[in-house]
Amino acid sequence: MLKTIEWTDQGVVILDQLQLPAREVYHTCTRYEEVADAIRRMVIRGAPAIGVAAAMGIALGVRDSAARDLPALEQEFNRILEVMAKTRPTAVNLFWAIERMRQVFRRTAAGGVDAVRRALVEEARRVYAEDLAQCAAIAQHGAVLIPACAQVLTHCNAGALAAAGGYGTALGVIRSAVEQGKQVQVLATETRPYLQGARLTAWELHHDRIPTTLITDNMVGHFMKTGKIDCVVVGADRIAANGDTANKIGTYTIAVLAREHGVPFYVAAPFSSIDLSLPSGEQIPIEERSPDEVTQIGGVRIAPADVPARHPAFDITPARLISAIITERGIARPPYEHSLKALAETPVPTAS
Ligand code: MRU
């Protein structure tokens, strides 16, 4: 099984996604600041993976803190949470993980510093194990939506690399359909400007021998019109209570094209990506990254010097363009205000 991240006694081991597909390099982060930096620089990326990394980073920081008493440890803990919270703003999994660790600290504080340290490490390991189990459940639920013989379009990377490892979310649905014997061909968009589709999705699916064809983002309309695309499956960084979904920039364009061509458009995500506190996508913060990521490819400048560029890293797909949202608790259909709330109240599969 492909492992994106792993907790070890030596530190948090992270697969460096900046070096894929050329090199498979793992770094051991021995300080929480290194984990935060890996999230910020997208050494590790993808909403569920960001959540797992944040939980492990927090556990690492607390485990290795020099604090001897609870007030000192709490001060250090709050500092670590602040550093983590400032890494990337859109994927709600980051804030979900931070909140989860905060609750564990509160619950175990009465037991003293050693109890808190132990509990946070255990919780980080639990977040990891649950992520693997949730992705497997998403894959199972979603596979029924894939026709027996299908060409599926996906955008960005919502696979093992975007999660703790294993199935991933959108690619998990595809993997599970393939395991069930369905004939699936994947069209993967390259995903400018960071090229998660070309570098990561193509690598992952190729590794699993799932037939995959790479296209540039601006070819989607052409293939929807002329080639047969049976459905679109993408991941999500944050889903509001009404189903509006933030995902990698370009997702909205694909959803509009899918509606025009009558192609079902599915979002696959764990509940840790669902933010029921936000009524709609309008409240989702969109990360704006460096324009250099647009004016340069692999460090080589492709635009004239000084030309202004923008890099919003995500866009919002309105709920009305989404045919279904696949979660570990089942499939939500419109109206999402009701179906997501109903699923939120159903029991969660827990890691064994
Ligand atoms: O900027 P990234 O690479 O972190 O963005 C990732 C995506 O947009 C993914 O589609 C999303 O996180 C879903 S991951 C299962």
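Up top is the structure.
What counts, and where the lines are drawn
Residues numbered from 1 in each chain as written. Predicted model: local features only at pLDDT ≥ 70, side-chain atom pairs only at ≥ 80, totals over all residues. Heavy atoms only, no water. Phe/Tyr/Trp six-rings, centres within 6.5 Å; stacked < 30°, edge-to-face > 60°. Helix = DSSP H or I, 4+ residues; strand = E, 2+ residues; numbered from the N terminus. Buried < 20%, exposed > 50% of the residue type's maximum accessible area, 1.4 Å probe, protein only. Lys NZ or Arg CZ within 6 Å of the ring centre and 35° of its normal. Salt bridge = Lys/Arg side-chain N within 4 Å of Asp/Glu carboxyl O. Core = buried A, V, L, I, M, F, W, Y, C linked by side-chain atoms within 4.5 Å. Contact = heavy atoms within 4.5 Å. Disulfide = S-S within 2.5 Å. Pairing = 2+ DSSP bridges. Near = heavy atom within 4 Å. Polar contact = N/O pair within 3.5 Å; in protein donor to acceptor, adjacent residues only side chain to side chain. Areas by Shrake-Rupley, 256 points an atom, 1.4 Å probe, with all protein chains shown as cover. Nonpolar A, V, L, I, M, F, W, Y, C, P; charged D, E, K, R; others polar. Domains from an automatic or database assignment.

Undergrad: Would you explain the packing of aromatic side chains in this entry?
TA: For any pair of aromatic rings, geometry is given as the distance between the ring centres together with the angle between the planes. Taken as a whole and judged by the stated rule, the model has 1 aromatic pair. For the ring pair Phe77 and Phe105, a centre distance of 4.4 Å and an interplane angle of 25° mean the geometry is stacked. A residue pair is termed long-range when its members are at least 10 positions apart, and Phe77 in helix H3 (residues 70-85) and Phe105 in helix H4 (residues 92-108) qualify at 28 residues. An identical accessibility class is assigned to Phe77 and Phe105; each is buried. Sitting over the face of the ring of Tyr194, Arg199 holds its NZ or CZ atom 4.8 Å from the ring centroid. Here Lys248 stacks its cationic end above the ring of Phe314, 4.2 Å away from the centre of that ring.

Undergrad: Before we go on, may I ask you to explain the pattern of salt bridges in this structure?
TA: The final tally for this structure, using the stated rule, is 20 salt bridges. The closest approach of N and O atoms between Arg31 and Glu33, which form a salt bridge, is 3.5 Å. Of the residues examined, Glu33 reaches a relative accessible area of 34% and is grouped as partly exposed. Close ionic contact of Asp230 with Lys228 constitutes a salt bridge, the shortest N to O distance being 2.2 Å. Overall, the relative accessible area of 55% leaves Lys228 in the exposed class.

Undergrad: It is not clear to me how the nonpolar core should be interpreted in this structure. Could you clarify?
TA: Within the largest apolar cluster, 47 residues are counted, with the highest numbers of intra-cluster contacts made by Ile5, Val12, Met84 and Leu120. Of all the secondary-structure elements, those providing two or more residues to this core are strand E1 (5-8), strand E2 (11-15), helix H1 (32-40), helix H2 (47-63), H3, H4 and helix H5 (113-143). Other than its neighbours up to four places away in sequence, Leu120 contacts Ala59, Val62, Phe77, Met101, Val104 and Phe105. Counting residues in each nonpolar core, the second largest holds 27 residues, with Ile229, Ala236, Val267 and Ile322 among its members.

Undergrad: Where do I start with the state of the cysteines in this structure?
TA: This structure, assessed with the given rule, holds 0 disulfides. Looking at Cys135, it has no disulfide partner, and the nearest cysteine sulfur is the one in Cys156, 14 Å off. The class of Cys156 is buried, set by a relative accessible area of 8%.

Undergrad: Honestly, the pairing of strand E7 (residues 231-234) in this entry has me stumped. Any pointers?
TA: A regular strand places its side chains on the two faces of the sheet in alternate fashion. With burial as the criterion, each face of E7 is covered, one bearing Cys231 and Val233 and the other bearing Val232 and Val234. Relative to E7, strand E4 (residues 149-154) runs parallel, the two sharing 2 bridges. From the neighbouring strand, Val152 faces E7, where its bridge partner is Cys231. Sheet analysis places E7 next to strand E10 (residues 265-268), joined by 3 bridges and oriented parallel. Along E10, the bridge assignment pairs Val232 with Phe265.

Undergrad: Explain the site of the ligand to me, please; I cannot follow it from the model alone.
TA: Within the structure, the ligand sits among 18 residues, and Arg45, Arg88, Gln196, Asn247 and Lys248 are positioned closest to it. Arg45 has a polar side-chain atom sitting 2.8 Å from an oxygen atom of the ligand. Here an oxygen atom of the ligand sits 2.7 Å away from a polar atom, N or O, in the side chain of Asn247. Protein contacts shield 100% of the accessible area of the ligand, which totals 410 Å² for the unbound molecule. Mapped onto the shell around the ligand, the elements with two or more residues apiece are H2 and strand E9 (245-248). Here the shell around the ligand is built from residues that sort into 8 nonpolar, 6 polar and 4 charged. Lining the shell around the ligand are residues from two domains, each supplying at least three of them: domain 1 (5-136) and domain 2 (144-344).

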